[in-house]
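Architecture and fold: a report
One-letter residues, chain by chain:
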Amino acid sequence: MIPPEPIPVTLLTGFLGSGKTTVLNQIVRQLPRTAILMNEFGEVALDHQLLQEMEGPLALLSGGCVCCTISGSLSPTLKNLWMARDRGDIPAFERVVIETTGIADPVPVLDNLLHDNWVRARFRLDGVVATVDALVGMGQLDEHAEAVKQVAVADRLLLTKTDLAPAATTAALRERLAALNPAADILTVTHGALDPAAIQNLGLWNAATRTLEVARWLKPERYRQAVAGRLGGKPRTALHDSRIEAFSVLIDTPLDRYGLQSALSMLTAFRAENLLRFKAIVNLKGEALPVVLHGVQHVLYPEVQLDAWPDDDRRSRFVFIVRDLEPQFVAKLLADFSGAARIPDPATP
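Okay, so let's go over this structure. Sequence order sets the numbering: in each chain, residues are counted from 1 along the sequence as written. Local features in this predicted model are restricted to residues of pLDDT 70 or higher, and side-chain atom pairs are both shown and tallied only at a pLDDT of 80 or more, whereas totals for entire chains, interfaces and linings draw on every residue. The basis for every side-chain value is the complete set of heavy atoms in the structure, and neither hydrogens nor water enter the calculation.

1. Re a nonpolar patch on the surface
A surface patch of nonpolar side chains, amounting to about 260 Å² of accessible area, comprises Leu-135, Val-136 and Leu-164. Under the DSSP-based scheme used, a helix requires at least four consecutive residues in state H or I and a strand at least two consecutive residues in state E, with every element numbered from the N terminus. Note that Leu-135 resides in the loop between β7 (123-133) and α5 (137-143). Buried residues are those whose accessible area, probed at 1.4 Å on protein chains only, stays under 20% of the maximum for their type, while exposed residues exceed 50% and partly exposed ones sit between those limits. Residue Leu-135 is classed as partly exposed on the basis of its relative accessible area, which comes to 42%. Exposure above 30% relative accessible area and no salt bridge define the residues that can form patches, which grow by joining like charges within 9 Å and nonpolar side chains of Val, Leu, Ile, Met, Phe, Trp and Tyr within 5 Å. A 1.4 Å probe and the Shrake-Rupley method give the accessible areas. Residues count as covered only by the protein chains that appear here. One side-chain nitrogen of Lys or Arg within 4 Å of one carboxyl oxygen of Asp or Glu is enough to make a salt bridge.

In structure tokens form, the structure reads like this:
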């Protein structure tokens, strides 16, 4: 049976040794009826006190939680888990946490959640949480593109091992994380201890308030503004990886829907590897209500139309995190296509 509301899914990512499993142990203790999906269950050190029963790839945990391994692609695992829940074979879990391996690219998981219609009817992405090791995180960002991508796609960053790292190292890492992903709040987590609210209701939809919270989700004020031909705002602090840019684009006039679709299609088709993430609230020509768009590389989320504007600002607001892609190029592409592309009027000769 399809639920009245899809079950929220949190994607927990982070580089090797950054503390994901420690966070998972806390989640199991504090959030009953959670399903934990892991790539390698047998190699993950969940506290043995939490294990109640093992049935092949499935473990029943304390508090009505369940843990299982991802077998093959994500979709079959979610389907099997759902059917076991529906039959009453396992506790009726109320949320899912998917833990990726330390070197995993999170984008295929997001793709799976968004483009499998059976899964999307029953599960919804609630947010992406990334753990970052304060002691060695700076070096991991320097050396591994996966670590940068994990930070860029996150809705919340959990800074771990701050008790082991020098204060200056932690401060520098915080500054760098804020530049890589301005919209993601950074929380300090000591020995995995965290408020469960820290990993819930991180996306556009807030299930607790049953509202769409655009300002909290978009946070355009945290990005420096880019316009076609020049950059505005203060210069960015020098980073070890200067290939990453986080910026916003503001467009005053309403946009042509088909032109905007063409611009975004070009970015996702030809520059997907460079487009780490984007979010937008858009004013479309001929439409009274705004539309929310967002995507990660080639993965575009379904369009969401809002019931009202969140404030008096009627400009279209985009925020981007890119790699090896000029902000001026992106701003010009949006401006040119959204103003130039048209569907011909059949009545016009």
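2. Looking at unusual backbone geometry
The phi dihedral of Arg-33 falls on the positive side, at around 60 degrees, and the residue is not glycine. The backbone of Asp-324 shows a phi angle near 55 degrees, a positive value even though the residue is not glycine. Relative to the helices and strands, Asp-324 resides in the loop between β19 (316-323) and α10 (327-340).

3. Focus: the pairing of β7
Burial within β7 is extensive, with 10 of its 11 residues counted as buried. Strands qualify as paired when DSSP identifies two bridges or more between them. Alignment of β7 against strand β8 (residues 156-160), held across five bridges, turns out to be parallel. Among the inter-strand pairings, Ala-130 is bridged to a residue of β8, identified as Leu-157.

4. Side note on the nonpolar core
Side-chain atoms within 4.5 Å are what join buried Ala, Val, Leu, Ile, Met, Phe, Trp, Tyr and Cys residues into a set we call a nonpolar core. Membership of the largest hydrophobic core comes to 63 residues, with the highest contact counts inside it found for Leu-37, Phe-93, Val-96, Ile-98, Phe-123, Leu-157 and Leu-177. When residues of this core are sorted by domain, at least three fall in each of domain 1 (7-203) and domain 2 (212-340). Between two residues, a contact is recorded if the distance between any of their heavy atoms is within 4.5 Å. If we skip the residues at most four places from it in the chain, Leu-177 touches Val-132, Leu-141, Val-151, Leu-157, Leu-159 and Ile-186. Annotation comment: domain bounds sourced from an automatic or database domain assignment.

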